[in-house]
Amino acid sequence: MSRTATGASHAAHGAYVFRIYIAGGAPNSVRALASLYALCRQHFPESHHIEVIDVLKEPMRALAEAILVTPTVVKITPAPELQMIGDLSDEEEVLRALGLPQTTSG
């Protein structure tokens, strides 16, 4: 289950590009994917791209990219490349860990 478009073209247009590694329909993977989509729709509605890698279907890719735990999300662009492991349920922690702009509530 790899959904992708050219990450380079998205990066050239200032988009946030993420790659998320999941393990099929495992509950934490499903939760992480839903959380990432929700976060992107809320914070970057017109400027994001998410590539989904199912490590059960592409184990050699995950191994080559040193992904040993799922779910793992990697922010590809903008630099620096950062990653986070977990179900991404704590939005503030996800924004901070991935170096993303944080909105202030109030």
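Look above for the structure.
Keep in mind the model is a prediction, meaning the values are calculated, not measured.

Caption draft 1: Seen up close, the packing of aromatic side chains. Taken as a whole and assessed by the stated rule, the structure comprises 2 aromatic pairs. On the numbers, 3.9 Å between centres and 25° between planes, the contact of Tyr16 with Phe44 is stacked. With a gap of 28 residues between them, Tyr16 in strand β1 (residues 16-22) and Phe44 in the loop between α2 (27-43) and β2 (48-54) connect regions that are remote in the sequence. For the pair Tyr16 and Phe44, a shared accessibility class is recorded, and that class is buried. The rings of Tyr16, Phe18 and Phe44 are connected pair by pair, giving a single aromatic cluster.

Caption draft 2: A look at the pairing of strand β4 (residues 82-85). Note: strand β3 (residues 72-77) against β4, 4 bridges, orientation antiparallel. Paired with Val74 across the two strands is Gln83, which belongs to β4. Between β3 and β4, which pair antiparallel and follow one another directly, the connecting turn spans 4 residues.

Caption draft 3: Structural detail: the environment of Ala32. With respect to the helices, strands and loops of the structure, Ala32 is situated in helix α2. C-alpha separation for the pair Ala32 and Asp87, spaced 55 residues apart in sequence, amounts to 4.1 Å. Discounting residues that sit within four places of it in the chain, Ala32 has contacts with Ile20, Pro71, Gly86, Asp87 and Leu88.

Here is what the cut-offs are and how they apply
Residues numbered from 1 in each chain as written. Predicted model: local features only at pLDDT ≥ 70, side-chain atom pairs only at ≥ 80, totals over all residues. Heavy atoms only, no water. Phe/Tyr/Trp six-rings, centres within 6.5 Å; stacked < 30°, edge-to-face > 60°. Helix = DSSP H or I, 4+ residues; strand = E, 2+ residues; numbered from the N terminus. Buried < 20%, exposed > 50% of the residue type's maximum accessible area, 1.4 Å probe, protein only. Pairing = 2+ DSSP bridges. Contact = heavy atoms within 4.5 Å.

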